[in-house]
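Survey of secondary and tertiary structure
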Amino acid sequence: MYQIKTINKISPSGLTRFAPGEFQYGDEIENPDAFIVRSASLHEVELPASLKAIARAGAGVNNIPVDKCSEEGIVVFNTPGANANGVKELLIAALILSSRNVLDAVAWAKTLKGQGADVPKLVEKGKKQFVGPEIAGKKLGVIGLGAIGVKVANAAHALGMEVYGYDPYLSVEAAWGISQGIHHAASLNVIYEQCDYITIHVPLTPETRGTFNAESIAAMKKGVRLFNLARGELAVPADIVEALKSGQVASYVVDFPCDELLDVPGVIPIPHLGASTPESEDNCAAMAADELIALLKTGAIRNSINFPNVDMPLSSPARVTVIHKNVPNMLSQITACFANAGINIDNIIDKSKKEMAYTIIDAADKKLDAVADALRAVDGVIRVRVI
Ligand SMILES: NC(=O)c1ccc[n+]([C@@H]2O[C@H](COP(=O)([O-])OP(=O)(O)OC[C@H]3O[C@@H](n4cnc5c(N)ncnc54)[C@H](O)[C@@H]3O)[C@@H](O)[C@H]2O)c1
Ligand SMILES: O=C(O)[C@H](O)COP(=O)(O)O
């Protein structure tokens, strides 16, 4: 029976896909075959020898030690696009909350409690301090046109904004989804120079860390409004504070607040609610569960961060999967292990992604233990499973 350890609370929409009798899940599982996790950090967590996969029910994988997992032959999945609509909707709300000063205005309105019949009069007198611009006709820069960025760009365009998108690694699939009418920004500077509102939807990487910093903010229009529903580390908090003080930035909406920003005027700190909708939680959990079920039952890899997508219909009595380094001569050594054992290979598929590669071999003979041992002895082979 496959053992799935839940690291965060995972929606039943995902967990109920693990068929009883085939899978067991819970937060106290010992010797797990797989982890299913949301935002909990796994960087300090011991990865047991039994662990074959980690499914991140969500998009960002900066909470997972991906390089270490690759070295140990652990397949890391995420759930592309499964929570994108949730984040898009929060971003649209954030544009309006920020632009129309809604939160400060609501907080002020509450201070009128106790003024009795004067409240309507006080409201009318005081409202002028919260006047803020409409978003229609204003320029929005979207940095990162992936699952979320494309939805944000299209939705803002539909609300009448003039949208500029920047993504030097734009996928063909994402490109198909971008509305006509979204401007292509060839560099970040185009976004910085042109846009009244700038939102960032990229993964946290060494390249993207600190994108909103003193230098980039200085290149932006005075009074720009910044939105970061992606990761706190994409901005430098001290630089944001300075820019809010000087008026260079009018407001900063962040879904990953840190202590330094919480009480700063102009900061709208949201407690990481981007994907906290029943729909996103269900979608992510279901996709993550399906990825684990496919890997554990058939060896198929779909939506992995560190391994290629590999799938092959299972039509032979036995299957072996081999995780190995992407170096010369691996495939011939792998097939030689079968040849030496006198076992015919029915089907084989091998794919690579960066330094890692994955082979699925279907064989007519079920007695594969000796072959598996021979495969494990090949230099460069990291993990062998007989399914
Ligand atoms: N607040 C939340 O709850 C929440 C929810 C989902 C995702 N996120 C964050 O948002 C990020 C994006 O999510 P997604 O689902 O759109 O991911 P995605 O992988 O579909 O899109 C990311 C896009 O960023 C682009 N990109 C990468 N490096 C870039 C760079 N240097 N400059 C410009 N573009 C770059 C990629 O080409 C890709 O198109 C996630 O990595 C995660 O950190 C937050
Ligand atoms: O990267 C993500 O998908 C989001 O940050 C969502 O995180 P959560 O699953 O903890 O809500």
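Residues numbered from 1 in each chain as written. Chains lettered and ligands numbered in written order. Predicted model: local features only at pLDDT ≥ 70, side-chain atom pairs only at ≥ 80, totals over all residues.

As annotated in an unreviewed UniProt entry, the chain carries the name D-3-phosphoglycerate dehydrogenase and comes from Ethanoligenens harbinense. Of the comments in the UniProt record for the chain, the one headed Function (unreviewed entry) reads "Catalyzes the reversible oxidation of 3-phospho-D-glycerate to 3-phosphonooxypyruvate, the first step of the phosphorylated L-serine biosynthesis pathway. Also catalyzes the reversible oxidation of 2-hydroxyglutarate to 2-oxoglutarate." (UniProt positions renumbered as here; feature names shortened; annotations may be inferred.)

Before going further, it helps to examine the overall build of the chain. Scanning the chain from N- to C-terminus turns up 14 helices and 16 strands. For the chain, the C-alpha atoms occupy an extent of roughly 90 × 45 × 35 Å along the three principal directions. Burial statistics for the chain: of 387 residues in total, 42% are counted as buried. Long-range pairs, those at least 24 residues apart, make up 63% of the contacts in the chain with a sequence separation of at least 6. (Helix = DSSP H or I, 4+ residues; strand = E, 2+ residues; numbered from the N terminus. Buried ≥ 20, exposed ≤ 12 C-beta atoms within 10 Å, placed from the backbone. Contact = placed C-beta atoms within 7 Å.)

In this section: the sheet that holds strand 2 (residues 23–26). Reading across the sheet, the 5 strands line up as 2-1-3-4-5 and stay open at both edges, with parallel pairing between neighbours. Looking at which strands have only one partner, the edges of the open sheet turn out to be strand 2 and strand 5 (75–77). On average, each strand axis in the sheet is inclined to that of its neighbour by 20 degrees, with strand direction left out of account. Across 4 bridges, the pairing between strand 1 (residues 2–6) and strand 2 is parallel. Directly across from Ile4, in strand 2, lies its bridge partner Tyr25. Lying over the sheet, helix 12 (residues 278–298) contacts strand 1, strand 3 (34–37), strand 4 (53–56) and strand 5, oriented at roughly 160 degrees with respect to strand 4. (Pairing = 2+ DSSP bridges. Axes fitted to C-alpha atoms, helices over the stretch in contact; angles between N-to-C directions.)

The next point concerns the packing of helix 3 (residues 84–99) against helix 6 (residues 147–158). At a closest axis distance of 9 Å, the pairing of helix 3 and helix 6 adopts a crossing angle of 45 degrees. As judged from the angle between their axes, helix 3 and helix 6 are oblique. Judged by the twist between their axes, the crossing of helix 3 over helix 6 is right-handed. Touching Ala84, Asn85, Val87, Lys88, Leu91 and Ile92 of helix 3 are Ala147, Ile148, Lys151, Val152 and Ala155, all from helix 6. (Parallel < 35°, antiparallel > 145°, perpendicular 65-115°, else oblique. Left-handed = near helix turned anticlockwise from the far one by under 90°.)

This part covers the site of ligand 1. Inspection of the region around ligand 1 gives 34 residues, with Gly60, Gly144, Gly146, Tyr169 and Gly274 positioned closest. Looking at the shell around ligand 1, the elements with two or more residues in it are helix 3 and helix 6. Here the shell around ligand 1 gets 3 residues from one element, more than from any other, and that element is helix 6. (Near = placed C-beta within 6 Å.)

Attention now goes to the site of ligand 2. Close contacts around ligand 2 come from Arg38, Ser39, Gly58, Ala59, Gly60, Asn83, Gly274, Ala275 and Ser276, and that covers them all. For the shell around ligand 2, the per-class residue count stands at 2 nonpolar, 6 polar and 1 charged. (Nonpolar A, V, L, I, M, F, W, Y, C, P; charged D, E, K, R; others polar.)

One can describe the packing of helix 13 (residues 330–341) onto helix 14 (residues 369–376) by two numbers: an axis separation of 9 Å at closest approach and a directional angle of 145 degrees. The hand of the helix 13/helix 14 crossing is right-handed. Contacts from Ile334, Cys337, Phe338, Asn340 and Ala341 in helix 13 reach Ala370, Val371, Ala374 and Leu375 in helix 14. Here the contact of helix 13 with helix 14 is built from residues that sort into 8 nonpolar, 1 polar and no charged.

Let us now look at the domain arrangement of the chain. Looking at the assigned domains, one finds that the chain contains domain 1 (1–83 + 277–306), domain 2 (84–269) and domain 3 (308–387). Once you take the C-alpha centre of each, domain 1 and domain 3 turn out to be 23 Å apart. Listed by partner, the interface residues are 9 residues for domain 1 and 15 residues for domain 3. For the side of domain 1 that touches domain 3, a count of residues per class yields 2 nonpolar, 6 polar and 1 charged. (Domains from an automatic or database assignment.)

Bringing the confidence of the model for the chain into the picture now. Mean pLDDT for the chain: 97, with 100% of residues reaching 70 or above. Overall fold confidence (pTM) sits at 0.97, and the ipTM for the predicted complex is 0.99. (pLDDT = per-residue confidence, 0-100.)

Before going further, it helps to examine the nonpolar core. One broad trend across soluble globular proteins is that nonpolar side chains are buried collectively. Membership of the largest hydrophobic core comes to 109 residues, with the highest contact counts inside it found for Ala34, Ile36, Ile54, Ala288 and Leu292. Counting residues per element, this core draws most heavily on helix 12, at 10 residues. Ignoring any residue separated from it by four or fewer positions in sequence, one finds Ala34 in contact with Ile4, Leu51, Lys52, Ala53, Ile54, Ala55, Leu292 and Leu296. (Core = buried A, V, L, I, M, F, W, Y, C linked by C-beta atoms within 7 Å.)

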